[in-house]
Amino acid sequence: MSLKIALFGITREIVGTSVIELPAPAPATVGALLDELRKQYPALGELRSCAVAVNNEYASNDQALHTVDAIALIPPVAGG
Amino acid sequence: MTPHLSITDQPIDVAAALAAVQTETAGAVNSFIGTVRNQSGGRPVRRLHYESYDSMALTQLGHVVAQAYEKWPMLQEVAVVHRKGTLALGDVAVVVAVATPHRAESFAACQYIIDTLKQVVTIWKREEYEDGTEWVAAHP
């Protein structure tokens, strides 16, 4: 199972692309995905925060991830 | 009472946003207009770039407005328009407009919506200076 993750703002610049595809971590949870991404891209760990969105909603670390989910990394927002 | 929510790469029509919330049942229309400032923390800003995750931004904006309707049940109409793309100094970046029967609730609901938008809506701002650029709020 693989996961597609959309990237925005500074996370897109850190990773160098707007979408990455990764093998699902074990367990396939938000927290494990964040751990894996921070391992591959240490600069993500230097951000003030980095949330994960699943299907347009903020997700908690224990939320399960599925191939069909719309997953995105959400660095600190700054609208307004 | 369906809120008028949008994210656009075109200049914001402030008068249209205000007109969208006007209704005979409301005696107060309150608005917040955010514009591009020429400096940030003392550093001159040349222009701004806003990036949006549109589908989530609109979902989260819908939640914010729903919360405002819960807090102020007398709230009549709401419009929120946020710009994305490249903005020049003085450009309008965001408009929040609300209509309520009386003025006190219009100030409170308008402030709640803009304050909460800034915390949860998935829009990012990159400031461009004379000597580089920076994603606002990205680092501690």
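Residues numbered from 1 in each chain as written. Chains lettered and ligands numbered in written order. Predicted model: local features only at pLDDT ≥ 70, side-chain atom pairs only at ≥ 80, totals over all residues. Heavy atoms only, no water.

Draft legend 1. Expanded view of unusual backbone geometry. The amide bond that connects Ala26 of chain A to the next residue, Pro27 of chain A, takes the cis arrangement and shows omega of -5 degrees. Along the chain, the position of Pro27 of chain A falls in the loop between strand S2 (19-23) and helix H2 (30-40). Phi is positive for Asn55 of chain A, close to 50 degrees, though the residue is something other than glycine. Phi is positive for Ala137 of chain B, close to 70 degrees, though the residue is something other than glycine. (Helix = DSSP H or I, 4+ residues; strand = E, 2+ residues; numbered from the N terminus.)

Draft legend 2. Molecular detail of the nonpolar core. Grouped together as the largest cluster of nonpolar side chains are 31 residues, with contacts concentrated most on Ile5, Leu73 and Ile74 of chain A. Of all the secondary-structure elements, those providing two or more residues to this core are strand S1 (2-6), helix H1 (9-15), S2, H2, strand S3 (51-54) and strand S5 (71-74) of chain A. Apart from the residues within four sequence positions on either side, Ile5 of chain A is in contact with Ser18, Val19, Ile20, Leu22, Leu33, Ile71, Ala72 and Leu73 of chain A. Grouped together as the second largest cluster of nonpolar side chains are 29 residues, Leu48, Val64, Trp72 and Tyr129 of chain B included. (Core = buried A, V, L, I, M, F, W, Y, C linked by side-chain atoms within 4.5 Å. Buried < 20%, exposed > 50% of the residue type's maximum accessible area, 1.4 Å probe, protein only. Contact = heavy atoms within 4.5 Å.)

Draft legend 3. Layout of the pattern of salt bridges. In this structure the tally under the stated criterion is seven salt bridges over all chains. For Glu51 of chain B, the salt bridge goes to Arg12 of chain A, with nearest N and O atoms at 2.3 Å. Taken together, the residues Glu51 of chain B in strand S4 (residues 43-52) and Arg12 of chain A in helix H1 connect one chain to another. Take Arg12 of chain A: its relative accessible area is 25%, and that puts it in the partly exposed class. Between Lys84 of chain B and Asp54 of chain B there is a salt bridge; the shortest N-O distance is 2.7 Å. Taken together, the residues span a long stretch of sequence, with Lys84 of chain B in the loop between strand S5 (77-83) and strand S6 (85-88) and Asp54 of chain B in helix H2 (residues 54-71) at a distance of 30 residues. On the accessibility criterion, Lys84 of chain B (22% relative accessible area) is partly exposed. (Salt bridge = Lys/Arg side-chain N within 4 Å of Asp/Glu carboxyl O.)

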